[in-house]
Amino acid sequence: AASLGATSLRRADRQRRADAARGDHWDLPVSHPAGLAFDGKDLWVIDWFSQSLYAHARTDAKIRTLRHLTAETPVAAVFATDAVWTATADGTVVKRMNDAKLTPLERFLNAAPGAAGIAFDGLYLWTLDARAKILRKHLLDASLTVVASYRAPGLKPEALVWDGAALWTLDAGDRLLRRHNLERPEEFLAAIPLPEYGDGIFLPTGLAWDGERFWSVAER
């Protein structure tokens, strides 16, 4: 019996080590992450303090690429329409080439005041105004015309993503991931608690969808 018990303990210990080796979270080499984006392969952390975008591998969070933006302070980004769209701290939206320099193509001043998130649903660009708690729906025209605005539910919505079927927001106040009714985005159809943020040590600031899973980034 003692032998069987020791064998079971060793097996359980090996399983715990295997689970730990797989990993489901990593410490990042940035102090002020403001957003997260997925380019089809890697996860990009947007760090406002260093004015940079860091591409991380999904398997181990190893940095693959670094892009530094000297002209503005990025807070959110989305890869869409063969371009990279960044939202900045002053409310500017910048459309960029998806190249080594993230070369700016167009700037839309004051298109996204209070920006905390940006998403693309295949037709419209969406921005999240964290200060006013408003979701804005934009046409992809010469001025990113706002065609509709909706009240964002929750205490402190801080991130926005499109998963191919619905819009989701991540709330730093109540630590909930909300799935929105696309017809009436001020309503949510699901609210999923994120217990990993329940102790308040980390404040979630960014959200991404890789086609299979949600990813979040947070600031200590």
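What counts, and at which threshold
- Residues numbered from 1 in each chain as written.
- Predicted model: local features only at pLDDT ≥ 70, side-chain atom pairs only at ≥ 80, totals over all residues.
- Heavy atoms only, no water.
- Salt bridge = Lys/Arg side-chain N within 4 Å of Asp/Glu carboxyl O.
- Buried < 20%, exposed > 50% of the residue type's maximum accessible area, 1.4 Å probe, protein only.
- Helix = DSSP H or I, 4+ residues; strand = E, 2+ residues; numbered from the N terminus.
- Pairing = 2+ DSSP bridges.
- 1 Å grid on protein atoms, 1.4 Å probe; cavity = no way out; pocket = protein on both sides within 12 Å on 5 of 7 lines; lining within 4 Å.
- Points joined across faces, edges and corners; volume = space filled by probe spheres on them.
- Nonpolar A, V, L, I, M, F, W, Y, C, P; charged D, E, K, R; others polar.

Colleague: Quick rundown of the pattern of salt bridges? Include the residues and the values.
Modeller: The final tally for this structure, using the stated rule, is 9 salt bridges. The salt bridge partner of Asp129 is Arg136, with a shortest N-O separation of 3.1 Å. According to the relative accessible area criterion, Asp129 is buried, its value standing at 4%. Its salt-bridge partner being Asp210, residue Arg213 comes within 3.4 Å of it at the nearest N-O pair. Overall, the relative accessible area of 11% leaves Asp210 in the buried class. Several salt bridges converge on common partners, so that one network encompasses Arg58, Asp210 and Arg213.

Colleague: Hey, could you go over unusual backbone geometry for me, with residue numbers and the actual values?
Modeller: Not every positive phi belongs to a glycine, and Leu102 is a case in point at roughly 50°. Along the chain, Leu102 turns up in the loop between strand E7 (93-97) and strand E8 (104-108). One non-glycine residue, Asn110, lies in positive phi territory at about 55°. With relative accessibility at 63%, the residue Asn110 sits in the exposed group.

Colleague: I'd love a proper account of the pairing of strand E14 (residues 167-171), names of residues and values included.
Modeller: Along any regular strand the residues' side chains alternate between the sheet's two faces. Most of E14 sits out of view: 5 of its 5 residues are buried. Taking every second residue as pointing to the same face, both faces of E14 are buried, with Leu167, Thr169 and Asp171 on one and Trp168 and Leu170 on the other. Here 5 bridges tie strand E13 (residues 157-162) to E14, and the two strands are oriented antiparallel to one another. When the sheet's bridge partners are listed, Pro157 is paired in E14 with Asp171. Where E13 folds back onto E14 in an antiparallel hairpin, the turn is made up of 4 residues, including Gly164, whose phi is positive at roughly 100°.

Colleague: How would you summarise empty space enclosed by the protein if you had to cite specific residues and measurements?
Modeller: One pass over the structure, following the stated rule, counts 1 cavity of 30 Å³ or more. Of the volumes computed, that of the largest cavity is approximately 70 Å³. If you go around the largest cavity, you meet 15 residues; those closest to its centre are Leu36, Ala76, Ala116, Gly117 and Leu160. For the lining of the largest cavity, the elements supplying multiple residues, two or more each, are strand E1 (33-38), strand E5 (74-80), strand E9 (115-120), E13 and strand E17 (203-209). Tallied by class, the residues present in the lining of the largest cavity amount to 10 nonpolar, 4 polar and 1 charged.

Colleague: Talk me through the pairing of strand E6 (residues 83-88); I want residue IDs and the actual numbers.
Modeller: For E6, the tally of buried residues reaches 6 of 6 residues, placing the bulk of the element in the interior. Covered by surrounding structure in E6 are Ala83, Trp85 and Ala87 together with Val84, Thr86 and Thr88, the residues of both alternating faces. Pairing analysis gives 6 bridges linking E5 to E6, with the strands arranged antiparallel. Looking at E6, one finds that Phe79 is bridged to Val84. The hairpin turn running from E5 into E6, its antiparallel successor, is 2 residues long, and Thr81 in that turn takes a positive phi close to 50°. The pairing of E6 with E7 spans 5 bridges and is antiparallel. Note on E7: the bridge partner recorded for Ala87 is Val93. Here E6 hands over to E7 after 4 residues, with Gly91 in that stretch at a positive phi of 90°.

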